[in-house]
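Notes for the structure review
Letter by letter, the chains look like this.
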Amino acid sequence: MHPTVPRRVPPFGFGGINWQKTEAQKRREQLLLDELVALVDKRDALVRDLDAQEKQAEEEDEHLERTLEQNKG
């Protein structure tokens, strides 16, 4: 059998082990993660706003259709 060769792990980036990262790398990674979370939160807010606008437009369309039907008959 072949002896086990340890796998080399990069000292930085999301795949690195924390104790191998410098403090600057840890801070940079945390800043990037914070920015990602902020962007996802903004995206979620935009999606909620668009959903609310679509729902309001559908309700207005239904109201208009009912009004036209009532005036027609």
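This write-up is about the structure you can find in this document. Everything quoted here is computed from the prediction, not taken from an experiment.

1. A word on the overall build of the chain
- Helix and strand content of the chain: one helix and zero strands.
- Counting every position in the chain, which comprises 73 residues, the buried fraction comes to 4%.
- Here the chain displays about 7200 Å² of accessible surface, and carbon together with sulfur accounts for 57% of that area.

2. As for the environment of Gln 25
- With respect to the helices and strands, Gln 25 occurs in helix α1 (residues 23-72).
- Of the residues examined, Gln 25 reaches a relative accessible area of 26% and is grouped as partly exposed.
- There is a polar contact of 2.7 Å between the side chain of Gln 25 and the backbone nitrogen of Thr 22.

3. Things to note about the side chain of Lys 21
- With respect to the secondary-structure elements, Lys 21 resides in the segment before α1.
- What makes Lys 21 buried here is its relative accessible area of 7%.
- Side-chain polar atoms of Lys 21 contact the side chain of Glu 29, separated by 2.7 Å.

4. Concerning a nonpolar patch on the surface
- A contiguous nonpolar patch, built from Leu 33, Leu 36 and Val 40 and spanning about 220 Å² of accessible area, is present on the exposed surface.
- Within the element layout of this structure, Leu 36 appears in helix α1.

5. As for the pattern of salt bridges
- Counted according to the given criterion, the structure contains three salt bridges.
- The closest approach of N and O atoms between Glu 29 and Lys 21, which form a salt bridge, is 2.7 Å.
- The salt bridge involving Asp 44 is made with Arg 43; its shortest N-O contact spans 2.8 Å.
- With a relative accessible area of 48%, Arg 43 lands in the partly exposed category.

6. Observations regarding a negative patch on the surface
- A surface patch of like charges, here negative, comprises Asp 51, Glu 54, Glu 58, Glu 59, Glu 60, Asp 61, Glu 62, Glu 65 and Glu 69.
- Topologically, Asp 51 is positioned in helix α1.
- Exposure remark for Asp 51: the relative accessible area of 45% places this residue in the partly exposed category.

Reading the values: the criteria
Residues numbered from 1 in each chain as written. Predicted model: local features only at pLDDT ≥ 70, side-chain atom pairs only at ≥ 80, totals over all residues. Heavy atoms only, no water. Helix = DSSP H or I, 4+ residues; strand = E, 2+ residues; numbered from the N terminus. Buried < 20%, exposed > 50% of the residue type's maximum accessible area, 1.4 Å probe, protein only. Areas by Shrake-Rupley, 256 points an atom, 1.4 Å probe, with all protein chains shown as cover. Polar contact = N/O pair within 3.5 Å; in protein donor to acceptor, adjacent residues only side chain to side chain. Patch = residues over 30% accessible without salt bridge, like charges linked within 9 Å, V, L, I, M, F, W, Y side chains within 5 Å. Salt bridge = Lys/Arg side-chain N within 4 Å of Asp/Glu carboxyl O. Lys, Arg positive; Asp, Glu negative; His and termini not counted. Charge placed at Lys NZ, Arg CZ, Asp CG, Glu CD.

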